Amino acid sequence: MEDLHKSTLESQEVGWDGGRVVAAAKAFFRRSAFLSNYLIAFLLILVLNFTLPRLMPGDPFQAIYGEEALLAMTPQLKAQLVERLALDQSMGQQFLAYILALAGGDLGHSYYYNQPVLSVILDFLPWTLLLTGSALVLSTLLGLFLGIESGFRRGRHLDKTLLASLMFLNGFPDFFMGIVLLLIFGVVWGLIPLSGALTPYSGLVGLPLAIDILHHLIAPLAALVLVRVTSAYLLTRNTMITTLKENFILAARAKGCSEGKIKYRHAGRNSLLPVVTATGLSIPQMITGALFVEIVFSYPGVGLLLYNSLLTRDYPLIQGILLMVTVVVLAANLLVDLLYSRLDPRVSHAR
Amino acid sequence: MLEISDLKVSYGGDEILAGIDLDLFRGDSIAIIGESGAGKTTLGLALMGLVDGRVSGRVLLDGVDIAALDDRERRKIRGKDMAMVFQNVEDALDPLMTVSDQIGEAIFVHQDRGDPRGVGDRVLRLLGSVGLEEVKGRSYPHQLSGGEKQRALIAMALANDPQVLILDEPTASLDAVTKAEITKLLLERMKGKVALVITHDLSAAARLTERMAVLYAGRIVEIGETCDLLENPRHPYTRGLIRSSPNMTTTKDLQGIPGRMVHGVCGCPFSERCTQRIDICDKVVPPLAEVGDRSIACHRGGIVPLLELSKIRTKFGKFVAVDGVDLTLYEGETIALVGESGSGKTTLAKTVIGLFSHQEGEIRLEGVPLARRDRGFYRKVQMIYQNPKESISHRMDVFDAVSEPLAVQKAGGSAERIATVKRVLEEVELSSDDDFLAKYPHQISGGEAQRVAIARALVLNPKLLIADEPTSALDASVQAKILRLLLNLQEKRGLAILFITHDIALARKVSDRMAVMLDGKIVEEGLTSVVTTSPVHPYTMRLLEVAPDLAPARVARGARETGPAGGGPWNISELLPLRAREL
């Protein structure tokens, strides 16, 4: 009887050891599966970007470059382009050529700027990244902070005031907020520059340059943040309210934790997770928002570039921008996913 | 060391705790038991200073009234001098922090200057003291089992070696084996502290504590030594709790408590559900009064003795049938009187009801010596007999039989009597239509006849029912139903039953206490569970040996070797005298 008991114990131990190997393997597969999701999404985007102009009726060449460009083109240039896009070859070879060109950083040629599309985009992208990135970070952090404070004081004065005013701000579209800010601070009070990302030909370097950039950034940033902060705020506030009812908050109180520790270390951290997810999901909207705001402030970002390329029907540029934006959104989502597993041990364990 | 006086907590207008007084000293362990909603957890939280509601009263910890302190001062005590382990281990740990960090935090928040290394060492020692490995400390809560989480929570509460430890359902939601381990751990860690164990689990309370306080609707209704209180509950609510909690000790079938808890009534909070309430109960809140080493909050001083027999002797000529019997039957209780035929059980029963008269001794009913048996006596005491068909006159139909006691007592008009009869018949689960009322004993079955006899006995709403072998003439299935009926009636009305039977197996299932009779004397008396498991008198042992048992068939096939060594009733030689007087 006792022997039997012992032997089952031992075999359990062996099983447990084996189980660990299996678990590690499983974790590896899960992790690679998680990354491959992004890879597949990326490939799909490429395929879509490749096929869409080719699915349109008529000449793919026309779909890619537009009618006006075609009319203005010399036969030599046309032949050169046909060869480059491998349009005279089979679909498979066309795709291969497309992929190879992409790998070499070749997104096509913008005839309006008379530059490779990539270099045009790279000229404008940093400003958009600066604007949307800081708007994203700032609106999330502000939303979190206000949400935590507000949820912790549920039903009290501060909570009610914040809730009402942020809901009010959330009602405006961001470009409208931009126009309002531009009119008041730029036109009426002259506190902010009316356009651009920095003062041209000023020859500023170092700190003065940074201040100049900030000076130009502040109004479009404010327009984006003021409108975008509400969703993070509302989500944080709601999660905060539910989290505060959980038993571990009571347990933390029973330990003798101060209100601040309970607010931020326990309740706040636990309320963070859904907000991070929502932030990841809100990146595309943020980029569309930035597009309009950039136009309002003539801010030289990708949004403005897209607007201009639409006006000039610079199709290769439009396609390049769209591809770039999708890739940025994808990358941001990946970042959020990775961040999430850092924030919540349960997620990394499940993965 | 911890002195609680007149502690009240109310949420909105609802008073959840209505004045708690408790004095506890170092090394004391007290269980707070009661149904959910009784205010147990609120009491724990109020002591910690964590209730949202309005708190009044005093909580003296080492002479300092901590209830009056402001929140900053209170926080310094929380987790340091007084710690609490919460119920529901599933979400009492922060999911985003490792166990060690959470335990460490409990130490850290009470340090003026941070000492990370010291804290780390202490956390390791704490983990060891609750039986968790170091690797578990580095885990997140979701990686631990329920038992491990409970251990972590205990380590967290012990972090600053608090003087007062409050355990809220420390073993609920754990499986039996883990429960036993945690119980052992807690017993060790509770030493030298004031420990309050809040639980609805009587067995956990019994293992963990020396004293026990029963909470009902925000008031303490009974306090006493744990073992004593569980064995001999004096407040009707305590008895109800024990009767309704399944355990391996009690042999009687589970019985509930009728009604439900209401807060904020003006009289005794339990009066609505109490079967022995009197007028004053609805009007005045009974104070917690000391009776011996017990404190009880009851206007009637706890469960009242209904029938007290002292030194009863009944003789037939020279033959002494009942020889100096002492017996006390409490309200709502069943005493089984067991013994073989001729041992004097029935004579004793008939002596009580007045069919025989005793020569010596005294019978007291509700504390009053019985001078003569008038109508009032028979309103309170009724009897049912072994053979139901014979105990109902064959010239009377069901209605006549059941309403006869009403006629004798001259109670009510005829319409009222019909209503009463119908109500009682329904209560004993019989049909109350006119067809049935007009039936004669020979037209109904034995089980129905016994129900009619019970209805006849109950129609006057007696407090004491003497049941003389009420089911021995019935089929087992009918018997089971009749017994269930009697237990239900007891639960509902607080009926005390003197149950006479020769079947100790039956007695075991229906009685709270058991008295074994032999030659007119009670040779052994005690809790049924005790008498049937560790009998003292050889005659009781003998009765148990010959008691019905479904195992012998298995024994015959040789299963005995793997069974418990010795002890079983089957290895006593069949040659032993069956009749006890040959012993």
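Residues numbered from 1 in each chain as written. Chains lettered and ligands numbered in written order. Predicted model: local features only at pLDDT ≥ 70, side-chain atom pairs only at ≥ 80, totals over all residues. Heavy atoms only, no water.

S.K.: Please clarify how the confidence of the model for chain B should be interpreted in this entry.
M.R.: Predicted coordinates in regions of low pLDDT should not be interpreted in detail. Residues of chain B with pLDDT of at least 70 account for 94%, and the chain-wide mean is 87. Interface scoring of the predicted complex returns ipTM 0.73; its pTM is 0.77. (pLDDT = per-residue confidence, 0-100.)

S.K.: Would you mind showing me how to read the packing of aromatic side chains here?
M.R.: Aromatic ring pairs are defined here through the distance separating the ring centres and the angle between the ring planes. For the structure shown, the criterion picks out twelve aromatic pairs over all chains. Ring plane angle 25 degrees and centroid distance 5.4 Å describe the contact between F172 of chain A and F176 of chain A, whose orientation is recorded as stacked. For F176 of chain A, a relative accessible area of 35% gives the class partly exposed. With a centroid separation of 5.0 Å and 90 degrees between ring planes, the pair formed by F377 of chain B and Y378 of chain B is classed as edge-to-face. The rings of F168, F172 and F176 of chain A are connected pair by pair, giving a single aromatic cluster. The residue whose ring lies beneath R373 of chain B is F377 of chain B, and the NZ or CZ to ring-centre distance is 5.3 Å. (Phe/Tyr/Trp six-rings, centres within 6.5 Å; stacked < 30°, edge-to-face > 60°. Buried < 20%, exposed > 50% of the residue type's maximum accessible area, 1.4 Å probe, protein only. Lys NZ or Arg CZ within 6 Å of the ring centre and 35° of its normal.)

S.K.: What am I meant to see in the sheet that holds strand 2 (residues 14-24) of chain B here?
M.R.: Across a sheet, paired strands are connected by hydrogen bonds in the backbone, their directions being either parallel or antiparallel. Residues and elements named next belong to chain B. Read from one edge to the other, the open sheet built from four strands follows the order 2-1-4-5, with strand pairing classed as antiparallel. Every interior strand has two partners, whereas the edge strands, strand 2 and strand 5 (64-65), have only one. The sheet strands contacting helix 1 (residues 40-48) are strand 1 (2-11), strand 2 and strand 4 (54-61), and the helix crosses strand 1 at an angle near 115 degrees. (Pairing = 2+ DSSP bridges. Helix = DSSP H or I, 4+ residues; strand = E, 2+ residues; numbered from the N terminus. Contact = heavy atoms within 4.5 Å. Axes fitted to C-alpha atoms, helices over the stretch in contact; angles between N-to-C directions.)

S.K.: Explain helix 7 (residues 157-170) of chain A here, please?
M.R.: One full turn of an α-helix is made of 3.6 residues, so residues set three or four places apart face in the same direction. Compared with an ideal rise of 1.5 Å per residue, which puts 14 residues at 20 Å, helix 7 of chain A spans 20 Å between its outermost C-alpha atoms and is within 8% of the ideal. Where the residues of helix 7 of chain A are buried, they touch helix 6 (117-152), helix 8 (174-188) and helix 9 (206-244) of chain A. (Expected span 1.5 Å × (residues − 1).)

S.K.: Help me out: how do you make sense of a negative patch on the surface in this one?
M.R.: All names here are of chain B. Together, E3, D6, D21 and D23 make up a negatively charged patch on the protein surface. Looking at the negative patch, the elements that each hand over two or more residues are strand 1 and strand 2. Its place among the elements puts E3 in strand 1. Residue classification places E3 among the partly exposed positions, given a relative accessible area of 35%. (Patch = residues over 30% accessible without salt bridge, like charges linked within 9 Å, V, L, I, M, F, W, Y side chains within 5 Å. Areas by Shrake-Rupley, 256 points an atom, 1.4 Å probe, with all protein chains shown as cover. Salt bridge = Lys/Arg side-chain N within 4 Å of Asp/Glu carboxyl O. Lys, Arg positive; Asp, Glu negative; His and termini not counted. Charge placed at Lys NZ, Arg CZ, Asp CG, Glu CD.)

S.K.: Can you help me understand the sheet that holds strand 16 (residues 360-365) of chain B in this one?
M.R.: Residues and elements named next belong to chain B. Strand order in the open sheet formed by four strands is 14-13-16-17, with antiparallel pairing between adjacent strands. Lying at the two open borders of the sheet, with one neighbouring strand each, are strand 14 (319-330) and strand 17 (368-369). Looking at chain direction, strand 16 and strand 17 are connected through two bridges and run antiparallel. Paired with R364 across the bridge in strand 17 is P369. Strands strand 13 (305-316), strand 14 and strand 16 of the sheet are contacted by helix 11 (residues 345-353), whose axis makes an angle of about 115 degrees with strand 13.

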